[in-house]
Amino acid sequence: MTAAGIARLAGVGRAAVSNWRRRHADFPKPVGGTETSPAFALRDIEQWLRDQGKLAEVPLRERVWQQLVGHPAGAAGALRQAGAVLLLVRDRPAAWKQLRGASDDADLTGVLPAMLDSVLAARLGDGHPVHGLTREALAPSAALVRATADLAALDGATEAYAFLLGRHLDANPRQYTLTPPGPAALMAELASLDGPLGSVLDPACGVGGLLAAAQERAAGQPDAPPLALHAQEGDPDLAALTALRLALSVPDAQVRVRAADTLRADAFPELAADAVLVHPPFNERNWGHDELAYDPRWEYGFPARTESELAWVQHALARLRPGGTAVLLMPPAAASRRSGRRIRADLLRRGALRAVIALPAGAAPPNGIPLHLWVLRKPDGSAQPAPQLLVVDTAGPAAGGTAGRDKLDWQTVRGAAVDAWQAFDRDGGVEELPGVRRSLAAIDLLDDDVDLAPARHLPPPAAAGGPAELARVRDRLTDTLARTTELTPRQDTATAPGPARWPLTTVGELARSGALVLRAGGPGSALPGVPYAVLTDHDVIAATGPTGVLPETAPATPAEEPVLVQEGDVVVPVLGGGAIARVIEGATVGAALGRNLTLLRPDPAALDPWFLAGFLRGTANNRQASSYASTATRLDVRRLQLPRLPLAEQRRYGRRFHDLAAFEEALRLASRLGEQLVQGMYDGFTDGSLAPD
């Protein structure tokens, strides 16, 4: 186990573990790992923690996890064994109880393989990928088997496996590409809007997130038929873990998972599914181009070597029943690369490609790219090809109309996509919303490029609004400029003869005296279903609302309580912010304090918050409290100074600082409106919606 694992066992931070290693000569020596990340024996660490009185007993969840990590078969192999045991405990509790009560370790691991094979075959069918559960493989696993069963008794088999799999995925973030819950649920909803699904295929299933979303969607639909889930995954370990996840989490569904390269060795050649959901691997060159030139799946054209995504599109269509729906998460380049234009053209001509929906950047990995959803429908031969293509861009609605300054609003993204597809699928067209959605005649897209990127075909909102929209922006700008004139600071007081010679104190001294409370921002975590908005250092610097989101805790893992800001708190960025201090008010109240921020909570009987924030913004004050030891200047908030003044005098200064803050915000708003007006006029002149005079 690593230092991070030791910290979790003892309920301390990693810094405490480092201190123990330095201060205690009897601290266990590393048994592996590297110099910067040493590994220790679990048994030695447990004993040392008990001897030091730092651990009464290792929590069961942590014990099972550490046994998985240190297992000779590796974490993935051990998780495969644990998942199979959990399935046995859940599906055949009487047999497990009899087996465990009557056997020692050798007998347990000797009889167990046959029982596991039986329950796996009954749940996953012949040919399932959960192999290798032999007597020899299980011989070192008796303690893991018993502890896993105990965890099932404590949490339930499904929750126990979700916890262990979640920890495994979190510990290996670069090894797996996960589809976030939001996009997965949206894909399942788009595929099932015209009726409940009976069978769903994911031919690149990964950890099974799309199929789990399909099952959740089906569970919420009345009169839904029994669900059949089919999945294929090229990585044998991942296929096994996914098969166990689905078998445990979807007890009422038929589950069939196979481990093989989908494009080269399709495991379901006769399947005609109601829906296909896919998050395919992007930009693969070695997808089978040379071996599969004459494959019957290439009904719309043989994909180029650089167009692996179009191979997945055609595989999805080949495995649908006539009239079935496929939804694929695609890289944006697949909509416009010239090498794929002939296949895109044929998909349009034959009515197979029905919609391209652009998601905001950050909706799914890779997070810097605004990915697309392609919605396809397999032609049934009984109707004329659909003459229209729906294009939707959800980035504008997601940003709340503030040019990306607010956090991603996933419910708005979902609403924009679902409303557009539902109306289009029902009526064959959709009412145009500038910058958001539009239906296009397929024939108009069949040019030399066949570029299907939504942004290329949606007029910007400002231009589409024409003179009326620009007039509204101009009026807002006029009002804002008038307000900046009203708020412009006036020199209506006597000029002081020289710099003030106030007695000074520091933030550190005020904190020690109880005049204010000092708190540092940190990662924190949220309980499942109780997310917090996070005020980040970028939000404070840009004077915007909170844009971050706390990560949810893994199941059965204690949440790390965040620091929540209150009315009248003063927040200071400690890295690269310059002379900035922000008083918390309005909608920001209740947000969690993010990293690289320090919160000062003044006692209102001793300190005025606007007085405090105003003096903290002084340039000379920040310069004397900053460190120039590195390229990134770090502010030592405790060294910031302010004068010792009576509360009445503080409030006199505080009122002026409050006026300056209002003037500053008005200037920001005027700047944003000015940019919007100027760009709107450029767009209006260039697209013909505005005349030069």
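The rules behind the values
- Residues numbered from 1 in each chain as written.
- Predicted model: local features only at pLDDT ≥ 70, side-chain atom pairs only at ≥ 80, totals over all residues.
- Heavy atoms only, no water.
- Helix = DSSP H or I, 4+ residues; strand = E, 2+ residues; numbered from the N terminus.
- Buried < 20%, exposed > 50% of the residue type's maximum accessible area, 1.4 Å probe, protein only.
- Contact = heavy atoms within 4.5 Å.
- Areas by Shrake-Rupley, 256 points an atom, 1.4 Å probe, with all protein chains shown as cover.
- Lys, Arg positive; Asp, Glu negative; His and termini not counted.
- Charge placed at Lys NZ, Arg CZ, Asp CG, Glu CD.
- Pairing = 2+ DSSP bridges.
- Axes fitted to C-alpha atoms, helices over the stretch in contact; angles between N-to-C directions.
- Polar contact = N/O pair within 3.5 Å; in protein donor to acceptor, adjacent residues only side chain to side chain.
- Parallel < 35°, antiparallel > 145°, perpendicular 65-115°, else oblique.
- Nonpolar A, V, L, I, M, F, W, Y, C, P; charged D, E, K, R; others polar.
- Core = buried A, V, L, I, M, F, W, Y, C linked by side-chain atoms within 4.5 Å.
- Phe/Tyr/Trp six-rings, centres within 6.5 Å; stacked < 30°, edge-to-face > 60°.
- Lys NZ or Arg CZ within 6 Å of the ring centre and 35° of its normal.

> Break down the overall build of the protein chain for me, with residues and values.
When its secondary structure is counted, the protein chain shows 24 helices and 22 strands. Projecting the C-alpha coordinates of the protein chain onto the three principal axes gives extents of approximately 90 × 80 × 45 Å. By residue count, 48% of the 693 residues in the protein chain fall in the buried class. Counting contacts in the protein chain only where the partners sit at least 6 residues apart, residues at least 24 apart contribute 74% of the total. Approximately 32,700 Å² of the protein chain is accessible, and the part contributed by carbon and sulfur atoms is 52%. Taken together, the 71 basic and 78 acidic charged side chains of the protein chain have centroids lying 6 Å from each other.

> How would you explain the sheet that holds strand 15 (residues 548-549) if you had to name every residue and give the values?
Within a sheet, neighbouring strands are paired by backbone hydrogen bonds and run either parallel or antiparallel to one another. Spatially, 15-14-18 is the arrangement adopted by the 3 strands of the open sheet, whose pairing is mixed. The sheet is open, and its two borders are formed by strand 15 and strand 18 (592-593), each paired with just one other strand.

> Run through the sheet that holds strand 7 (residues 320-330), naming residues and quoting values.
Read from one edge of the open sheet, 9 strands run 5-4-3-6-7-9-8-10-11, paired in mixed fashion. One side of each edge strand has no neighbouring strand; the edge strands of this open sheet are strand 5 (254-259) and strand 11 (437-441). Along the sheet, successive strands turn relative to each other by an average axial angle of 15°, direction set aside. Strand direction decides the pairing type here: strand 8 (residues 353-358) and strand 10 (residues 388-393), joined by 4 bridges, are parallel.

> Can you tell me about the side chain of T179, naming the residues and giving the values?
With respect to the helices and strands, T179 occurs in the loop between helix 10 (157-171) and helix 11 (181-191). Note on T179: relative accessible area 17%, which makes it buried. Looking at T179, its side chain comes within polar contact range of the side chain of H279, at 2.7 Å. Each residue touching T179, except ones within four places of it in the same chain, is listed here: A184, L210 and H279.

> I'd like a rundown of the packing of helix 1 (residues 3-10) against helix 2 (residues 14-23), residues and numbers included.
The geometry of helix 1 relative to helix 2 is characterised by a closest axis approach of 8 Å and an angle of 105° between their N-to-C directions. The angle between the axes of helix 1 and helix 2 places the two elements in the roughly perpendicular class. Contacts between helix 1 and helix 2 involve A3, A4, I6, A7 and A10 from the former and R14, V17 and W20 from the latter. Grouping the constituent residues of the contact of helix 1 with helix 2 by class yields 7 nonpolar, no polar and 1 charged.

> Quick one: what's the story with the nonpolar core, residue by residue and with numbers?
Counting residues in each nonpolar core, the largest one holds 92 residues, and the members touching the most others are W96, L112, L120, L190, L277 and L373. Not counting the four nearest positions on each side in its chain, L190 is found in contact with T325, V327, I357, L373, V375, A417, V418 and W421. Within the second largest apolar cluster, 41 residues are counted, among which are L201, M330, I343 and L353.

> Describe the packing of aromatic side chains, and please don't skip the residues or the numbers.
Counted according to the given criterion, the structure contains 11 aromatic pairs. Centre to centre, the rings of F27 and F40 are 5.7 Å apart; their planes meet at 85°, and the pair counts as edge-to-face. Of this pair, F27 sits in the loop between helix 2 and strand 1 (32-33) while F40 sits in the loop between strand 2 (38-39) and helix 3 (42-51), and the two are 13 residues apart along the sequence. With a relative accessible area of 3%, F40 lands in the buried category. What links up through ring pairs into an aromatic cluster is the set W502, F611, F615, Y653 and F657. Looking at R652, its charged tip hangs above the ring of Y653, at a distance of 5.7 Å from the centre.

> Can you tell me about the environment of P203, naming the residues and giving the values?
Inspection of the secondary structure puts P203 in the loop between strand 3 (199-202) and helix 12 (209-219). For P203, the residues in contact, after removing those within four places along its chain, are Q232, T262, V276, L277, V278, W312 and H315.

> Describe helix 15 (residues 341-349), listing the residues and the values that go with them.
Burial in helix 15 covers these residues: I343, R344, A345, D346, L347 and L348. In the core, the buried residues of helix 15 are packed alongside helix 14 (308-318), strand 8, strand 9 (372-377) and strand 10. A positive phi of about 75° marks G351, the residue just after helix 15.

Keep in mind that these numbers describe shape and distance, not what the molecule does.
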